[in-house]
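So you can see what is in the structure, the chains are spelled out below.
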Amino acid sequence: MRKTTTFALLATAVVALGCGAGSTDNASSSSNDAGGAKGDDKPKTAKVGEPARDGKFEFTVKSSKCGVGKVGSAPLEQKAQGQFCLVTVNVKNIGKEAQMFDGSSQKAYAADGTEYSADSGAAIYANKNAETFLNDINPGNQVKGVVVFDIPKSVKLTKLELHDSMFSGGVTVALS
């Protein structure tokens, strides 16, 4: 019985690793995009308003607003534990097949390197049409939505790390 359970766990782990193995397929990029050209040791960091590529997505951060206490409207609202930072981003599929955008794969960082994950629950309230929650985007199409981060009131975000999937390398966008 123990051998069967151990084998089942190992098989599950191998399948899970295999599912993510090909998901970092990067679309070709030009040397002036923020994803970096091939052969670069470090990809260039994009700024707000500049397109940045990771895999099959081209991200353009339009704005960032922190200090928000709640999202949604009564009675359907969510209050921040600290403060909400609302990041408005345009996501374009530059690949050749549909790709799912998941707001929860996005990360934000403070100046000291502390990493903050996106708040998917709050994003549902911040987006009227759930643009950033498990949204399939067909090739050539784009969506605009708000990714929400719940951070302490004393923290200021300095950069984002945007991903086309939870397994991709990501691309950095400076907020300051």
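First, a word on scope: everything that follows refers to the structure included in this document. Keep in mind that this is a model prediction, so the values were computed, not measured. (Residues numbered from 1 in each chain as written. Predicted model: local features only at pLDDT ≥ 70, side-chain atom pairs only at ≥ 80, totals over all residues. Heavy atoms only, no water.)

### Some points on the overall build of the protein chain
- Scanning the protein chain for helices and strands turns up two helices and eleven strands.
- Secondary structure elements of the protein chain, listed N to C terminal, follow the sequence α-β-β-β-β-β-β-β-α-β-β-β-β.
- Across the 176 residues in the protein chain, those meeting the buried criterion constitute 38%. (Helix = DSSP H or I, 4+ residues; strand = E, 2+ residues; numbered from the N terminus. Buried < 20%, exposed > 50% of the residue type's maximum accessible area, 1.4 Å probe, protein only.)

### Quick look at the state of the cysteines
- Counted under the stated rule, the structure contains one disulfide.
- Cys-66 shares a disulfide with Cys-85; S-S distance 2.0 Å. Taking the torsion about the sulfur-sulfur bond, which here is approximately 115°, the covalent link between Cys-66 and Cys-85 counts as right-handed. With Cys-66 in strand β3 (residues 57-73) and Cys-85 in strand β4 (residues 76-93), the pair connects residues that are 19 residues apart, well separated along the chain. (Disulfide = S-S within 2.5 Å.)

### Description of the environment of Ile-151
- Summarising the element assignment, Ile-151 is placed in strand β9 (residues 142-151).
- Residues Ile-151 and Phe-84, spaced 67 residues apart in sequence, show a C-alpha to C-alpha distance of 6.3 Å.

### Notes on the packing of aromatic side chains
- In this structure the tally under the stated criterion is three aromatic pairs.
- Seen from their ring centres, Phe-59 and Phe-101 are 6.3 Å apart, and the 55° between their planes marks the pair as tilted. Linking Phe-59 in strand β3 with Phe-101 in strand β5 (residues 99-101), this pair joins segments that are 42 residues apart in sequence.
- The class of Phe-59 is buried, set by a relative accessible area of 1%. (Phe/Tyr/Trp six-rings, centres within 6.5 Å; stacked < 30°, edge-to-face > 60°.)

### So, the sheet that holds β3
- One open sheet holds the four strands; their spatial order is β2-β3-β4-β9, and the pairing between them is antiparallel. Of all strands in the sheet, those with a lone pairing partner are β2 (51-54) and β9, marking the two edges. Between one strand axis and the next, the sheet turns by 40° as a mean value, whatever way the strands run.
- Here β2 pairs with β3 via four bridges, running antiparallel. Bridge pairing links Ala-52 to Phe-59 in β3. (Pairing = 2+ DSSP bridges. Axes fitted to C-alpha atoms, helices over the stretch in contact; angles between N-to-C directions.)

### Here's the deal with a nonpolar patch on the surface
- Taken together, the side chains of Leu-76, Ile-124 and Tyr-125 make up a nonpolar region of the molecular surface, amounting to roughly 300 Å² of accessible area.
- You can see Tyr-125 is positioned in helix α2 (residues 120-126). (Patch = residues over 30% accessible without salt bridge, like charges linked within 9 Å, V, L, I, M, F, W, Y side chains within 5 Å. Areas by Shrake-Rupley, 256 points an atom, 1.4 Å probe, with all protein chains shown as cover. Salt bridge = Lys/Arg side-chain N within 4 Å of Asp/Glu carboxyl O.)

### Overview of the pairing of β9
- For β9, the tally of buried residues reaches eight of ten residues, placing the bulk of the element in the interior.
- One ladder, built from ten bridges, connects β4 with β9; its direction is antiparallel. Residue pairing in the sheet places Leu-86 in a bridge with Val-148 of β9.

### Some points on the pairing of β2
- Side chains Ala-52 and Asp-54 of β2 all project onto a buried face; the interleaved residues Pro-51 and Arg-53 project onto a face where none is buried.
- Following β2, the chain reverses through two residues before pairing antiparallel with β3; Gly-55 in that reversal takes a positive phi of roughly 60°.

### Notes on the pattern of salt bridges
- Within this structure, the stated rule accounts for three salt bridges.
- A salt bridge links Arg-53 to Glu-58; the nearest nitrogen and oxygen atoms lie 3.1 Å apart.
- Between Glu-97 and Lys-56 there is a salt bridge, with the nearest N and O atoms lying 3.5 Å from each other. With Glu-97 in the loop between β4 and β5 and Lys-56 in the loop between β2 and β3, the pair connects residues that are 41 residues apart, well separated along the chain.
- The partly exposed category is assigned to Glu-97, whose relative accessible area is 48%.
- In this structure Lys-56 comes out as buried when scored by relative accessible area, which is 13%.

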